[in-house]
There are 2 protein chains.
Amino acid sequence: MSQPQQNRRILLASRPHGEPKAADFRLDIAAVPQPAAGQLLLRTRYLSLDPYMRGRMSDAPSYAPPVEIGQVMVGGTVSQVVASQHPQFNTGDWVLGHDGWQDYALSDGSGLRNLGADLEHPSRLLGVLGMPGFTAYMGLLDIGQPQPGETLVVAAASGAVGSVVGQIGRIKGCRVVGVAGGPEKCRYVVEELGFDACIDHLAADFAEQLAAACPQGIDVYYENVGGAVFDAVMPLLNARARIPVCGIIAHYNATGLPAGPDRLAMLEGLILRKRIRMQGFIIFDDYAAGYDDFLRQMGEWLEQGKIRFREDIVDGLENAPQAFIGLLQGKNFGKLVIRVADE
Amino acid sequence: MSQPQQNRRILLASRPHGEPKAADFRLDIAAVPQPAAGQLLLRTRYLSLDPYMRGRMSDAPSYAPPVEIGQVMVGGTVSQVVASQHPQFNTGDWVLGHDGWQDYALSDGSGLRNLGADLEHPSRLLGVLGMPGFTAYMGLLDIGQPQPGETLVVAAASGAVGSVVGQIGRIKGCRVVGVAGGPEKCRYVVEELGFDACIDHLAADFAEQLAAACPQGIDVYYENVGGAVFDAVMPLLNARARIPVCGIIAHYNATGLPAGPDRLAMLEGLILRKRIRMQGFIIFDDYAAGYDDFLRQMGEWLEQGKIRFREDIVDGLENAPQAFIGLLQGKNFGKLVIRVADE
């Protein structure tokens, strides 16, 4: 392993108004820091890009503090230890962390998970075995509580979270209907992932197609999207439907509230009349204690071939801003990961 | 007990547009029916008036079928058996049922609860020991899950449901803040019911007063109202807040959606960021099996003086329409009950 020379870091340059632009990011070159006693130096191998990051670019109130202007963009990472003055980490160990959009990071070990020296498929720890897979698993099972024979609708069905949600729904005996953007993603969702149906939200008659695919209504709607997809879902919800709210990507670039009429009370009335349970969650805040169980169960499903997944790997840290902008536009196909450095 | 002569019945004459008017109801005089084998004849003593009835006057989709034009208005009743050809009911027995806005009803016994020949305080079975009290109890405890030290905000705090919600919240160790209309109701809520505070939603600075009364935010909001009260609650909700949705009376007379902007996605975003659980329920559909437990627990609390309540009893079936119209305007003070006939 060659000696580190410089640390490329992608900083938040300005807070986006609407869609992020390339100029909202800035590539900065810094010296590689040296670990002091009790510290370790991490070389980023893979960086996860996820929709929640749009929220961190904004200073609107949220569940987590925003990235400050001039700070490194946040993000989940799989890294390797390149120098350690920490007793629990050795050079060469793989580490799951949250070290952001940069080549190198110093750490005192807190918040890191040591994955050992031998790790097959490290990028999976950012996808099907990481935050997105865990988000799919807990949101569906704990809030959605799918029962055999029920109809589960999954937004963003070809994405990192949705693809896992739907496959777990099939394992649990549900009729699973995905929603995705474009015929290629829909074909993948049905033919490769085994969903019962997948509806293209770009189709002019999307709402009618969704209704036709859910002849017995919707019992669980796994919300990743909001917007027109949720609009089409609402009239189809059955009594006692459950809605885990994982994300509303359709609104992340919004610069203000949409025009009226105001449907807030309509949604409250729907929740009341249909006795709907609608619940948000933040995966590691609400369910951290369940991660080991998830890893065991998901590892088993992967081995058995019951869960399939797709990664959209983009090479080069410098390409992260453009890839992230595309993610918010639905341009990725599968879990979006930046390969920051070859293993 | 004198022999029945005629059966006054209040029928739905027309579907209201906006606020119900007296002309939407019609008083009809029919012959008193005679019970056949297996039937019993019930004399209505008390009729419950509740906000949900506004929904039954409308043919908009809801959780229950509407009252048809020309049909007797639905409603919970406490009655006495005046003639019985049914082995499980004797003349003189008190009965809890759902026999609507009329003097007499025939029944085959299904859906009736026989309360026996001796019943003190029969009207309580329509209030603190009936549907409203049970609604308060299950919605707060099962969905709201109040924890000691948390802040509970209760809309319509002097009403049949809200008054019980808040007192149970106090028993469970919460800081309880009520919302009611006018200083007299607010005084009652604090001084008689023991809430920690009560805010008048008619005050110009209602939202500021509510915020000041909830210095640690809101952990449970028991929703009976919607509208401006929910608007003031939303910014105060803490992470992991729970919102049992019991009713949205502010919207029951609405003739269309309010003007924009559209805040539907704003509410979804709030549910997501704050990990809120928002859940509707229909008490006897969702929790019927728990009624006996509730009766036991609430009876104990009443005996111990831990729960107080207030009834707003109006004499005469013929006054039910006007009393109901007033209920939707917040004119009642306590559980609204019609005394249809003296005991």
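The structure displayed is predicted, hence computed values, not measured ones.

Draft legend 1. Seen up close, the domain arrangement of chain A. Residue and element names in this part refer to chain A. For chain A, the domain assignment lists domain 1 (6–127 + 310–339) and domain 2 (131–284). One C-alpha centre belongs to domain 1, the other to domain 2, and the line joining them spans 29 Å. Contacts between the two partners involve 20 residues from domain 1 and, on the opposite side, 13 residues from domain 2. Summing both sides of the interface, domain 1 and domain 2 together bury roughly 1400 Å²; the carbon and sulfur share of this comes to 63%. Joining domain 1 to domain 2, the criterion identifies 0 salt bridges. Of the residues contributing to the side of domain 1 that touches domain 2, the split by class is 9 nonpolar, 6 polar and 5 charged.

Draft legend 2. A look at the interface of chain B and chain A. Contacts between the two partners involve 40 residues from chain B, matched on the other side by 40 residues from chain A. Between chain B and chain A, the buried area comes to about 3600 Å², and carbon and sulfur atoms account for 62% of it. The three residues of chain B that bury the most area against chain A are B:Asp262, B:Glu268 and B:Leu272, which together make up 21% of that side's buried surface. Applying the counting rule to chain B against chain A returns 8 salt bridges. B:Asp286 serves as the salt-bridge partner of A:Arg240, at 2.6 Å between the closest nitrogen and oxygen. At the junction of chain B with chain A, the criterion picks out 13 residue pairs in polar contact (both at pLDDT 80 or more). Looking at the side of chain B that touches chain A, the elements that each hand over two or more residues are β12 (237–245), α7 (264–273), β13 (277–280) and α8 (283–287) of chain B. Counting residues per element, the side of chain B that touches chain A draws most heavily on α7(B), at 9 residues. Considered class by class, the residues forming the side of chain B that touches chain A number 22 nonpolar, 8 polar and 10 charged.

Basis of the calculations
- Each chain carries its own residue numbering, running from 1 in the direction its sequence is written.
- Here chains are named by letter from A upward and ligands by number from 1 upward, in the order in which they appear as written.
- Given that the model is predicted, a residue must reach a pLDDT of at least 70 before its local features are reported, and side-chain atom pairs must reach 80 or more before they are shown or counted; all residues, however, enter totals for whole chains, interfaces and linings.
- To obtain the side-chain values, all non-hydrogen atoms of the structure were used and water was disregarded.
- Where each domain begins and ends follows an automated or database-derived domain assignment.
- Residue contacts follow a heavy-atom distance rule, with two residues in contact if any of their heavy atoms lie within 4.5 Å.
- Computed with a 1.4 Å rolling probe, the buried area is the accessible surface lost when two parts are put together, summed over both parts.
- When a carboxyl oxygen of Asp or Glu lies within 4 Å of a side-chain nitrogen of Lys or Arg, that pair is called a salt bridge.
- Classes in brief: Ala, Val, Leu, Ile, Met, Phe, Trp, Tyr, Cys and Pro nonpolar; Asp, Glu, Lys and Arg charged; the others, Gly included, polar.
- Two N or O atoms count as a polar contact when they lie within 3.5 Å, although within protein this holds only if one can serve as hydrogen donor and the other as acceptor, and sequence-adjacent residues are included solely when both atoms are side-chain atoms.
- The way it works is that DSSP assigns letters per residue, a run of H or I at least four long becomes a helix, a run of E at least two long becomes a strand, and they are numbered from the N terminus.

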